[in-house]
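One-letter residues, chain by chain:
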Amino acid sequence: MQGFTERNPISVAVYFLAAAGVAMFSMDPVLLAVSLCGAVGLFLLLDGLGSLRSHLWMLGLFLLSAVINPLTYHNGRTVLLVVNHNPITLEACLYGLAAAGMIVATLYWFRSFSRIMTGDRLLYLLGGLSPGLALVISMALRYVPLYGRQWRRVEETQRTLGLYREENAVDTLRGKARVFSAMTTWALENGVITADSMAARGYGTGRRTHFTLFRFRADDILLLVLSLVLAGVSLWGAAGRTVQYYPVFCLSPLTGRALAGYLAYGALVLLPLILQTKEAIAWHFWSWKK
Amino acid sequence: MAFLELEKVSFTYPGAAAPAIRELSFSVEEGELIVLTGATGSGKSTLLRLLKRELAPRGERRGVIRLGGADMESLPPREAAFSVGYVLQRPEEQIVTDKVWHELCFGLENMGLPREEIARRVAETASYFGIESWYELPVCQLSGGQKQLLNLAAVMAMQPRLLLLDEPTAQLDPIAAADLIATIHRLNRDMGLTVLVIEHRLEELLPLCHRALVLREGQLLGCDSPARAAALMASDPRLAESLPSAARMHHLLGLTGECPLSVSQGRQLVQRWMETVPLHAAGAETGAAVSPTGGKGALPPALELKQVYFRYERTAQDVLRGVSLRAAQGEILCLLGGNGSGKSTLLGAAAGLRRVQHGQVRIFGQKLSQYKGQSLYRECVALLPQDVETLFLCDTVREELARTGADLSCLPFDLTLLPDRHPYDLSGGEKQLLALAMVLAQKPRLLLMDEPTKGLDACAKKQYAQALKALRVQGTAIVIVTHDAVFAADCADRCLLLFRGQVAAEDAPGVFFGTNLFYTTPISRMTRGLLPGCVTVEEAAARLGKASSAARKEGGV
């Protein structure tokens, strides 16, 4: 069992919402730095060091977003240098860095999220909102690729049958139109059989149960509650410290409340690492005892 | 009291002149496995659908159907839906959802069962049917056989009292079909489940069933034990073709008495027969297994593949790994092999649909790249695809024939297709014939066919083989990918076994099937070691008959 990735998808989704959400609503540089480190760390934990190229792209995106702000926005008191009669200010640079950190951190949170949330998990989340919609989407997920495959097969067959007689655009277009109309018939015909199969298995005879692969266990509830509590404390702490970028960068002095917020957010960000590591350690103990 | 009872059931489709089902009365006891058989259009599917209320066709129905003593019409909708399970012919279309596990619990969700009950039944069903290892896969990754097994499992999870199957193996390869039939038999034997199954493939199922129900033109020809039903079917030439090989041999030899059905019974028959005649008389005929090749070495090649390698993606495994083969003009070449051995890919490469990465594909001595534009498909190469529905673009058979300039009368079939029917509404066999006519309209000199006998009944298969032999006489080269050993033994000049993208064996059918242990015909299994190189029913019957007449002559002298 994995400590974090295999928790109930609802808990995991709430965790990501909390972790990414706190950082998205605050421009506090400390919170943003923690969020960025945590997001990148979690992704590395899940993905390993494999996709180096994607990390370089992210670095590029970070630099670009950091640079754009001071180049386009010239507010701020502390002028660092002047380019084309436009002042580049320290404040705008800092703001750019913070914004870039927020963007890249959010992207990394989402990358980790989409790695963990496979189709079944997403469908489970959706089914929580509307079981009917989840069924429709599940059917569509089967149907759309099926349609695409059939389309390619029809095109190939028709090519050998001489449908696309000459290599000119008009003929090709006409051929495609015929294939499209045939595919519409095929889809309807297919739908009738699927509907038969649904009716034969008693669809629409009464109330349906919504069966899912996932359940709520104590660990899942713990993760859910921890995420919410830690996010609450972080927000409360962050609200106790004012951050001002323009005209002069100014951070109100560190209070106990703000410190509590930072610590809570730090704990929140480290939660997946702690849970996964706990399982890894448990595994080692288990294999030693054997 | 019978479990399922039909009393004078008649059914007429709206607008039809004659009823599809006429005054049918029979009863089924609980725990019986019954095979429903009859020629195309005899009303088998109509009858089966009448037994499943949700799928009953619209039209005028008379008579009473009772399930467990109660009139089927009076059952509440839930009970009616869940007490009768129904598996359709085509594996793909009856799947509803995208994942295996979801498909298994779809019916159970419809029943409104509590979660725990669903979890238990899904777990049980998945382990019984051996689905555990692919439980979380998307259904598009399954093979045809796995899909049909999933359909059966999904129905069985609802624990129906009566299981109906409409030609469940028609679209499967023989190995998957045998697996499915074994599973159906196991369900019947282990659980006492009542099963009614429509089947063309009587070879495996007839020896296993309790009774066979034979229909002709909507009327009951008989409902009797398998052996007696086989005797009954033997009297009708259309039905006789679909009997198991042992039974056909029995009738061709003009024997009376208990009809053998299985391979082992057939083998006993051959052994007994040969004991009654001197061994040397039968042994003298060993030279009979010469295939009718028209001197293939002398004729110029139509298709040549030299060391062909092909893969679909750069990182994927090779599907074809150095295949070399040659098909001469006026030769029928059959390619056999399991799923994923590269058979269909090879046809695609020959048809110019897949550009190979290494090696050469030559058609009539020219490289594929030398055929510019569409010239390859003009009176040169034609491909009959595995899914013949991909050929149909028009709304009626008439338009389809006109579009391709095809003519049905050029085929040696006694079947007339209704010209105003939609091609999709034809039966599986009729679709295959229409497809053949359309492909032949291209006047190909090299005809590539992918599983042409899917969905054909035995009689139509025989005619199909005749049509191909007629083409061969005209000098057309025919390359057929098939799973059907009986068909290949009947019409091939040479057979190839493809394994993991390579040619593993190549021989004339007599030697090929005579040597193969698994990829072979039932007759070859019956006569192994007794009549060497004997692979078709006709051949076996002729050689045994000759041997006995020779023995008689000797005895007379």
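Residues numbered from 1 in each chain as written. Chains lettered and ligands numbered in written order. Predicted model: local features only at pLDDT ≥ 70, side-chain atom pairs only at ≥ 80, totals over all residues. Heavy atoms only, no water.

Caption draft 1: Up close: the overall build of chain A. Helix and strand counts for chain A stand at 9 helices and 4 strands. Element order for chain A, N to C, with α for helix and β for strand: α-α-α-β-β-α-α-α-α-α-β-β-α. Seen through its principal axes, chain A has C-alpha atoms that stretch 75 × 65 × 45 Å. For chain A, the proportion of its 290 residues judged to be buried stands at 40%. The contacts of chain A with a sequence gap of at least 6 include a subset with a gap of at least 24, amounting to 73%. Working note: accessible area of chain A is about 15,600 Å², and carbon and sulfur atoms make up 70% of it. Across chain A, the mean location of the 25 positive side-chain charges is 5 Å away from that of the 15 negative side-chain charges. (Helix = DSSP H or I, 4+ residues; strand = E, 2+ residues; numbered from the N terminus. Buried < 20%, exposed > 50% of the residue type's maximum accessible area, 1.4 Å probe, protein only. Contact = heavy atoms within 4.5 Å. Areas by Shrake-Rupley, 256 points an atom, 1.4 Å probe, with all protein chains shown as cover. Lys, Arg positive; Asp, Glu negative; His and termini not counted. Charge placed at Lys NZ, Arg CZ, Asp CG, Glu CD.)

Caption draft 2: Layout of the domain arrangement of chain B. Residues and elements named next belong to chain B. For chain B, the domain assignment lists domain 1 (4-230) and domain 2 (329-355 + 370-507). Centre-to-centre separation of domain 1 and domain 2, based on C-alpha positions: 31 Å. Of the residues lining the interface, 7 residues belong to domain 1; the matching set on domain 2 comes to 9 residues. With both sides pooled, the region where domain 1 packs onto domain 2 buries about 790 Å², and carbon together with sulfur makes up 46% of that total. Of all residues in domain 1, R90, Q171 and D173 give up the largest surface area on contact with domain 2, accounting jointly for 44% of the area buried on that side. Taken together, the links from domain 1 to domain 2 amount to 1 salt bridge. E389 serves as the salt-bridge partner of R90, at 3.2 Å between the closest nitrogen and oxygen. (Domains from an automatic or database assignment. Buried area = accessible area lost by both parts, 1.4 Å probe. Salt bridge = Lys/Arg side-chain N within 4 Å of Asp/Glu carboxyl O.)

Caption draft 3: Structural context of the domain arrangement of chain A. Per the domain assignment, the segments making up chain A are domain 1 (9-118 + 213-289) and domain 2 (124-200). Spacing between the C-alpha centres of domain 1 of chain A and domain 2 of chain A amounts to 43 Å.

Caption draft 4: A nonpolar patch on the surface, seen in detail. Residues and elements named next belong to chain A. There is a patch of nonpolar side chains on the surface, built from L45, L270, L273 and I274 and spanning about 330 Å² of accessible area. Among the secondary structure elements, L45 is positioned in helix 2 (residues 29-47). We classify L45 as partly exposed; its relative accessible area is 37%. (Patch = residues over 30% accessible without salt bridge, like charges linked within 9 Å, V, L, I, M, F, W, Y side chains within 5 Å.)

Caption draft 5: How the structure looks around the packing of aromatic side chains. Taken as a whole, this structure holds 26 aromatic pairs over all chains when the rule is applied. Between the aromatic rings of F4 of chain A and Y15 of chain A, the centroid separation amounts to 5.2 Å while the plane-to-plane angle is 75°, which identifies the pairing as edge-to-face. Separated by 11 residues along the polypeptide, F4 of chain A in the segment before helix 1 (9-24) and Y15 of chain A in helix 1 bring together distant segments of the chain. The same class applies to F4 of chain A and to Y15 of chain A, which are both buried. On the numbers, 6.5 Å between centres and 85° between planes, the contact of F110 of chain A with F113 of chain A is edge-to-face. Of this pair, F110 of chain A and F113 of chain A both sit in helix 4 (residues 90-116), 3 residues apart, which is roughly one turn of that helix. Joined through ring pairs, the aromatic side chains of F4, Y15, F16, W109, F110 and F113 of chain A make up one cluster. The side chain of R186 of chain B reaches across the aromatic face of Y128 of chain B, ending 4.4 Å from its centre. (Phe/Tyr/Trp six-rings, centres within 6.5 Å; stacked < 30°, edge-to-face > 60°. Lys NZ or Arg CZ within 6 Å of the ring centre and 35° of its normal.)

Caption draft 6: Up close: helix 11 (residues 263-276) of chain B. Residue and element names in this part refer to chain B. For helix 11, which comprises 14 residues, the first-to-last C-alpha distance of 20 Å matches the rise-based estimate of 20 Å (1.5 Å per residue) to within 8%. Of the residues making up helix 11, those classed as buried are G266, L269, V270, W273 and M274. Seen from one end, helix 11 has its buried residues packed into an arc of 125°, which puts them on one side. Exposed and oriented more than 90 degrees from the buried face of helix 11 are R272, E275 and T276. (Expected span 1.5 Å × (residues − 1). Arc of directions from axis to C-beta.)

Caption draft 7: Highlighting empty space enclosed by the protein. Applying the stated rule across the entire model yields 4 cavities of 30 Å³ or more. D120, L123, Y124, A134, H210, F211, T212, L213 and F214 of chain A together with W101 and H102 of chain B together form the lining of the largest cavity. Ranked by residues supplied to the lining of the largest cavity, first place goes to helix 5 (residues 119-129) of chain A with 3 residues. Approximately 80 Å³ is the volume found for the second largest cavity. If you trace the second largest cavity, you find it lined by T37, G38, A39, E199, H200, R238, L239, S242, D457 and C459 of chain B. The set of elements that each furnish at least two residues to the lining of the second largest cavity consists of strand 3 (33-38) and helix 9 (237-240) of chain B. Looking at side-chain class alone, the lining of the second largest cavity contains 3 nonpolar, 4 polar and 3 charged residues. (1 Å grid on protein atoms, 1.4 Å probe; cavity = no way out; pocket = protein on both sides within 12 Å on 5 of 7 lines; lining within 4 Å. Points joined across faces, edges and corners; volume = space filled by probe spheres on them. Nonpolar A, V, L, I, M, F, W, Y, C, P; charged D, E, K, R; others polar.)

Caption draft 8: Just the interface of chain B and chain A, in detail. Listed as interface residues are 64 residues of chain B and, on the opposing side, 51 residues of chain A. Summing the contributions of chain B and of chain A, the shared interface buries around 5,100 Å²; its carbon and sulfur component is 54%. Counting the contacts that link chain B with chain A gives 6 salt bridges. Between R142 of chain A and E92 of chain B there is a salt bridge, with its nearest N and O atoms 3.2 Å apart. Going through the elements one at a time, helix 2 (77-83), strand 6 (84-87), helix 3 (100-110), helix 4 (115-128), helix 5 (144-156) and helix 14 (397-404) of chain B are the ones with two or more residues in the side of chain B that touches chain A. Classifying every residue of the side of chain B that touches chain A by side-chain character gives 33 nonpolar, 13 polar and 18 charged.

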